[in-house]
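# Structural features, examined
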Amino acid sequence: QIRNAYGLNQVSATGVGQTIAIVDAYGSPTMQNDLSSFSSKFGLSQSNLTIAYPTGKPNKTDSGWALETAMDVEWAHAIAPSAKILLCVAKSTSTGDLVAAIDYASAHGAQVVSNSWGGSEFSGEKSYDSHFQHSGVVYLASSGDSGSGVEWPSVSSNVLSVGGTTLNIDSNGTYQSETGWSGSGGGTSSYELIPSYQNSLASIIGSYRGNPDISWDADPNTGATVYSTTKYDNQSGWFQVGGTSLGSPSWAGLVALFDQNRSSALSSFDTVSDLYKV
């Protein structure tokens, strides 16, 4: 339904030759098997998934992060089923471990790096901007699920910030409309100055970076299916999930499709790009 609604069923690219990196803390001990089950359910090719632990293996399993990891990996694969997936698992939720995982992804062949996590802004956040600035790599991050307000790293001027919508489709899965999801994070930064690519919006957002830049289905009521056998809230198996966390890996898959065909005519992407014109 999502592929149909967003016009991806009209796109021939599948992410061949691309590597999508997913950065999460703690990871999921059942990720390989869960991805295989997800792929079989939806008729997807089996993914080439590599799991790396840049700062060492975590000493615990976190049920929330396990479900997050499953969503990130499965939906990057759903959108770009032929792309390689590099899951970079941070040992903890510390900024140092998460940034180390991002650096690992940048150094190990990823063309796009998805970060479905974030936290409050802080005065030293600009000192990390260089970690999101490597030639040939696109960095994405979810804008948050608390409504008004911004989060780091999505607010970095070097990151593509992904917000959320409520996606409305008919019984055939045909796109009807989208509205902004009330939980989608957004606003202007307290520290990041407006980047040149937002200069045309200065009269609206002022002198500081505004986000999100783009959006994707995020309303849990119109959300997506995820498979995880690591228990979350005493449940396992199939979940319906939402949040801007769904948008970052999905858009990472979309970027992989663009990258596959970037040296040729992009007319086949008109349906998708028209949905996201700013």
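Residues numbered from 1 in each chain as written. Predicted model: local features only at pLDDT ≥ 70, side-chain atom pairs only at ≥ 80, totals over all residues. Heavy atoms only, no water.

## What to know about the pattern of salt bridges
Selection rule: Salt bridge, as applied in this entry: a Lys or Arg side-chain nitrogen positioned within 4 Å of an Asp or Glu carboxyl oxygen. Burial classification: accessible surface area is computed with a 1.4 Å probe over protein chains only, and a residue below 20% of its type maximum counts as buried, one above 50% as exposed, and the rest as partly exposed.
Summed over all chains, the structure comprises 1 salt bridge. Taking the shortest distance from any N to any O, the salt bridge between Asp213 and Arg209 comes out at 2.8 Å. The exposure class assigned to Asp213 is partly exposed, which follows from its relative accessible area of 22%.

## Brief notes about the packing of helix α2 (residues 31-41) against helix α3 (residues 63-79)
Applied cut-off: Axis lines are fitted through C-alpha atoms, for helices just across the contact stretch, and the angle between N-to-C directions can take any value from 0 to 180 degrees. Only DSSP runs of H or I reaching four residues or more are called helices, and only runs of E reaching two or more are called strands; each is numbered from the N terminus. For classification purposes, an angle smaller than 35 degrees is called roughly parallel, one larger than 145 roughly antiparallel, one from 65 to 115 roughly perpendicular, and anything else oblique. Here a crossing is taken to be left-handed if its near helix is turned anticlockwise relative to the far helix by less than a right angle, and right-handed if that turn runs clockwise. Should any heavy atoms of two residues lie within 4.5 Å, those residues are counted as being in contact. Residues are sorted three ways: Asp, Glu, Lys and Arg are charged, Ala, Val, Leu, Ile, Met, Phe, Trp, Tyr, Cys and Pro are nonpolar, and all the rest, Gly among them, are polar.
With their axes 10 Å apart at the nearest point, α2 and α3 run at an angle of 40 degrees to one another. Taken as axis vectors, α2 and α3 run oblique relative to one another. Handedness of the crossing formed by α2 with α3: right-handed. Contacts from Met31, Asp34, Leu35, Phe38 and Ser39 in α2 reach Thr69, Ala70, Val73, Glu74, Trp75, His77 and Ala78 in α3. Its residues assigned to classes, the contact of α2 with α3 shows 7 nonpolar, 3 polar and 2 charged.

## Observations concerning the confidence of the model for the chain
This is how it is decided: Each residue carries a pLDDT score, the predictor's confidence in it, ranging from 0 to 100.
When the pLDDT values of the chain are averaged, the result is 92; 94% of them are 70 or greater. Note that residues 263-278 has pLDDT below 50 and, in this model, 24 contacts with residues that lie over four places away or in other chains.

## Topic: the packing of aromatic side chains
Stated precisely, the cut-off is as follows: Classification of ring pairs rests on two measures: the distance between centres of Phe, Tyr or Trp rings, Trp counted by its six-membered ring, which must be within 6.5 Å, and the angle between planes, read as stacked under 30 degrees, edge-to-face over 60 and tilted in between.
In this structure the tally under the stated criterion is 14 aromatic pairs. The interplanar angle of 70 degrees and the centroid separation of 5.3 Å between the aromatic rings of Phe122 and Trp152 together place this pair among those described as edge-to-face. Separated by 30 residues along the polypeptide, Phe122 in the loop between β4 (112-115) and β5 (138-142) and Trp152 in the loop between β5 and β6 (160-169) bring together distant segments of the chain. What makes Trp152 buried here is its relative accessible area of 4%. Here Trp216 and Trp251 contribute two aromatic rings whose centre-to-centre distance is 6.5 Å and whose plane-to-plane angle is 70 degrees, an arrangement assigned as edge-to-face. You can see Trp216 sitting in strand β10 (residues 214-217) and its partner Trp251 sitting in helix α6 (residues 244-260), a full 35 residues away along the chain. Here Trp216 matches Trp251 in class, with each residue buried. Taken together, the ring pairs in this structure connect Trp117, Phe122, Tyr128, Phe132, Tyr139 and Trp152 into an aromatic cluster.

## Let's talk about the environment of Ile79
Inspection of the secondary structure assignment puts Ile79 in helix α3. For the pair Ile79 and Gly136, spaced 57 residues apart in the sequence, the C-alpha separation amounts to 20 Å. Contact partners of Ile79, with chain neighbours within four places excluded, come to Arg3, Leu8, Trp216, Ser250, Gly253, Leu254 and Leu257.

## Side note on the environment of Ala101
Of note, Ala101 is situated in helix α4 (residues 95-107). Among the residues examined, Ala101 registers a relative accessible area of 0% and is labelled buried. Ignoring any residue separated from it by four or fewer positions in sequence, one finds Ala101 in contact with Val23, Pro54, Cys88 and Ala90.

## Concerning the pairing of strand β11 (residues 224-232)
If a strand is regular, its side chains alternate between the two faces of the sheet. As a reminder, the rule being used: Here the rule is simple: two strands pair whenever DSSP picks up at least two bridges between them.
For β11 and strand β12 (residues 235-241), the ladder comprises 6 bridges, and the chain directions are antiparallel. Note on β12: the bridge partner recorded for Ala224 is Val241. Between the end of β11 and the start of β12, which pair antiparallel, lie 2 residues, with Asp233 showing a positive phi angle near 55 degrees.

## Regarding the packing of α3 against α6
Two elements in contact, α3 and α6, have axes separated by 8 Å at closest approach and are oriented at 30 degrees. Classed by the angle they form, the pair α3 and α6 counts as roughly parallel. Viewed along their axes, α3 and α6 form a crossing whose handedness is right-handed. Contacts between α3 and α6 involve Glu68, Met71, Asp72, Trp75, Ala76 and Ile79 on the former and, on the latter, Ser245, Leu246, Pro249, Ser250, Gly253, Leu254 and Leu257. A class-by-class count of the residues in the contact of α3 with α6 yields 8 nonpolar, 3 polar and 2 charged.

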